[in-house]
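# Fold and geometry: a report
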Protein chains: 2
Amino acid sequence: MIDNLDKVILRTLMDNARVSYADIAKNNRVSPATVHVRVEKMRKAGIIKGAKLKVDPRKLGFDVTCFIGIILKQAGDYPRALAKLEALSEVTEAFYTTGQYSIFIKVVVRNIDDLQRLLIERIQAIDEIQSTDTLISLQNPIMRDVGLDALGH
Amino acid sequence: MIDNLDKVILRTLMDNARVSYADIAKNNRVSPATVHVRVEKMRKAGIIKGAKLKVDPRKLGFDVTCFIGIILKQAGDYPRALAKLEALSEVTEAFYTTGQYSIFIKVVVRNIDDLQRLLIERIQAIDEIQSTDTLISLQNPIMRDVGLDALGH
DNA sequence: ACTGAAAGGTAAAAGGG
DNA sequence: CCCTTTTACCTTTCAGT
């Protein structure tokens with residue numbers, strides 16, 4: 001399914017998506033064409049979903065990151081609530097979860113005032129939402145990709 | 001600080017980091033060299049932190065994503081606990097937070113059995129940790145970058 | 001399934017307005 | 001601050017093994 005060369009290619013590009021296929025080829029003693037073929041294979045298999053530029057939100061003026069656990073009035077309200085959350089650009093991630101919350105979201109905003117307005121005027125204003133719990137992140141000391149070492153084959 | 005062209009470049013590359021500078025230049029009626037200069041400027045300013053390949057963890061056999069809220073025995077235990085969490089490759093993100101938890105982490109594992117072992121044998125075994133709450137993610141319907149539209153300049 | 005070579009395209013640096 | 005030019009390198013395709 002996925003061999004050692006695939007893993008090295010993935011690891012390299014997950015770390016820096018702009019490393020040239022030629023460099024990867026050189027380091028692994030294969031031709032650039034082979035690297036190209038492997039990448040295309042993994043893209044078609046859905047393993048590779050794209051390449052994203054990583055930006056620092058703080059450098060752009062988004063200083064506050066927080067997580068919000070959402071309790072819905074009824075379980076069936078999930079699709080409607082999600083659609084309304086998706087319309088808010090400040091909501092960067094959403095998860096449908098087990099446990100006390102139905103939906104768990106990550107929001108990135110400029111400052112605490114913006115967070116307060118977002119919470120009160122736009123999130124708690126959503127009909128389907130019963131209540132929310134907010135967790136403000138002060139630091140983000142770990143942010144990395146899944147380790148491929150646990151991959152067996 | 002950051003003008004309209006910078007914003008268009010960021011938006012384009014945040015979506016697809018492999019779009020060529022030549023294409024971006026064409027769409028904005030500037031030269032490829034200008035795009036190159038802008039990207040370098042933003043890299044030096046720390047706005048651009050790199051380009052990452054986006055992979056689908058499920059396609060690689062990591063089927064379970066979850067969040068774990070961690071309560072420490074003492075607030076001062078934070079650095080030691082964090083270092084121990086960092087040593088676990090399954091911990092892909094960590095946040096230092098206000099509220100009921102001191103540390104909030106995201107973990108990605110192969111299955112529920114692995115999650116259970118990780119939790120009991122490696123996380124709850126950390127001396128500095130008093131207790132944990134786990135939130136299993138069943139779906140991840142929203143995963144996107146910060147919207148640049150709120151950016152003033 | 002990998003390689004080597006060819007064609008076209010791209011990045012990055014240099015120089016000028 | 002942006003442009004054009006230039007050079008070297010890169011991706012991608014395809015025939016051959």
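Scoring rules and cut-offs
Residues numbered from 1 in each chain as written. Chains lettered and ligands numbered in written order. Predicted model: local features only at pLDDT ≥ 70, side-chain atom pairs only at ≥ 80, totals over all residues. Heavy atoms only, no water. Phe/Tyr/Trp six-rings, centres within 6.5 Å; stacked < 30°, edge-to-face > 60°. Helix = DSSP H or I, 4+ residues; strand = E, 2+ residues; numbered from the N terminus. Buried < 20%, exposed > 50% of the residue type's maximum accessible area, 1.4 Å probe, protein only. Contact = heavy atoms within 4.5 Å. Buried area = accessible area lost by both parts, 1.4 Å probe. Salt bridge = Lys/Arg side-chain N within 4 Å of Asp/Glu carboxyl O. Polar contact = N/O pair within 3.5 Å; in protein donor to acceptor, adjacent residues only side chain to side chain. Nonpolar A, V, L, I, M, F, W, Y, C, P; charged D, E, K, R; others polar. Pairing = 2+ DSSP bridges. Near = heavy atom within 4 Å. Arc of directions from axis to C-beta.

### Comments concerning the packing of aromatic side chains
Under the counting rule described, the total for this entry stands at 12 aromatic pairs over all chains. Seen from their ring centres, Phe67(B) and Phe104(B) are 5.8 Å apart, and the 10° between their planes marks the pair as stacked. With Phe67(B) in strand S2 (residues 64–72) and Phe104(B) in strand S4 (residues 103–109), this pair connects stretches of sequence that are 37 residues apart. Here Phe67(B) and Phe104(B) have matching classes, each one buried. An aromatic cluster of three or more residues is present, and its members are Phe67(A), Phe95(A), Tyr101(A), Phe104(A), Phe67(B), Phe95(B), Tyr101(B) and Phe104(B).

### A short note on the interface of chain A and chain B
Many structure descriptions define interface size as the accessible area lost when the parts assemble. Taken residue by residue, the interface counts 65 residues in chain A and 65 residues in chain B. Between chain A and chain B the total buried area reaches about 6,500 Å² when both faces are included, carbon and sulfur atoms providing 61% of it. In terms of surface lost to chain B, no three residues of chain A exceed Arg18(A), Lys52(A) and Leu53(A), which account for 12% of the buried area on that side. When the shortest N-O distance is used, the salt bridge between Lys52(A) and Asp15(B) registers 3.8 Å. In this structure, the connection of chain A to chain B is made through 29 residue pairs in polar contact (both at pLDDT 80 or more). Secondary-structure elements contributing two or more residues to the side of chain A that touches chain B are helix H1 (4–15), strand S1 (48–55), helix H4 (78–86), strand S3 (91–97), strand S4 (103–109) and strand S5 (129–143) of chain A. Broken down by element, the side of chain A that touches chain B gets its largest block of residues, nine residues, from S5(A). Its residues assigned to classes, the side of chain A that touches chain B comprises 39 nonpolar, 13 polar and 13 charged. Alignment of S3(A) against strand S5 (residues 129–143) of chain B, held across four bridges, turns out to be antiparallel. Paired with Thr97(A) across the strands is Ser137(B), a residue of S5(B).

### Things to note about the protein's contact with DNA strand D
Contacts to DNA strand D come from Ser20(A), Tyr21(A), Ala22(A), Asp23(A), Ala33(A), His36(A), Arg18(B), Val30(B), Ser31(B), Ala33(B), Thr34(B) and Arg38(B). Sugar and phosphate atoms represent 83% of those atoms of DNA strand D found within 4 Å of the protein. Measuring from a phosphate oxygen of DNA strand D, one finds a backbone N or O atom of Ser31(B) at 3.2 Å. A distance of 2.5 Å is found between a phosphate oxygen of DNA strand D and a side-chain nitrogen or oxygen belonging to Arg38(B). Of all the elements in the fold, those that place two or more residues in the surface near DNA strand D are helix H2 (21–28) and helix H3 (32–44) of chain A together with helix H3 (32–44) of chain B. Grouping the amino acids of the surface near DNA strand D by side-chain chemistry returns five nonpolar, four polar and three charged.

### Some thoughts on unusual backbone geometry
Residue Arg29(A) is not a glycine yet carries a positive backbone phi of 55°. Looking at where Arg29(A) falls in the secondary structure, it is placed in the loop between H2 and H3.

### Observations regarding the protein's contact with DNA strand C
All residues adjacent to DNA strand C are Arg18(A), Arg29(A), Val30(A), Ser31(A), Ala33(A), Thr34(A), Arg38(A), Ser20(B), Tyr21(B), Ala22(B), Ala33(B) and His36(B). Of all DNA strand C atoms lying within 4 Å of any protein atom, the proportion belonging to sugar or phosphate reaches 85%. Between DNA strand C and Tyr21(B) there is a distance of 3.2 Å, counted from a phosphate oxygen to a backbone nitrogen or oxygen. Between DNA strand C and His36(B), the relevant distance is 3.1 Å, taken from a phosphate oxygen to a side-chain nitrogen or oxygen of the residue. Contributing elements (two or more residues each) for the surface near DNA strand C: H3 of chain A together with helix H2 (21–28) and H3 of chain B. Class assignment of the residues belonging to the surface near DNA strand C gives a composition of five nonpolar, four polar and three charged.

### Side note on helix H5 (residues 112–123) of chain B
All names here are of chain B. Listing the buried residues of H5 in full gives Leu115, Leu118, Leu119 and Ile123. Each buried residue of H5 sits inside an arc of 95° when the element is viewed along its axis, so together they form one side. Looking at H5, the residues exposed on the side facing more than 90 degrees away from the buried face are Ile120 and Glu121. Those residues of H5 that are buried are in contact with S2, helix H4 (78–86), S4 and S5. Capping the start of H5 is the job of one residue whose side-chain oxygen sits 3.1 Å from the backbone nitrogen of Asp113: Asn111.

Just distances and angles here, no functional claims.
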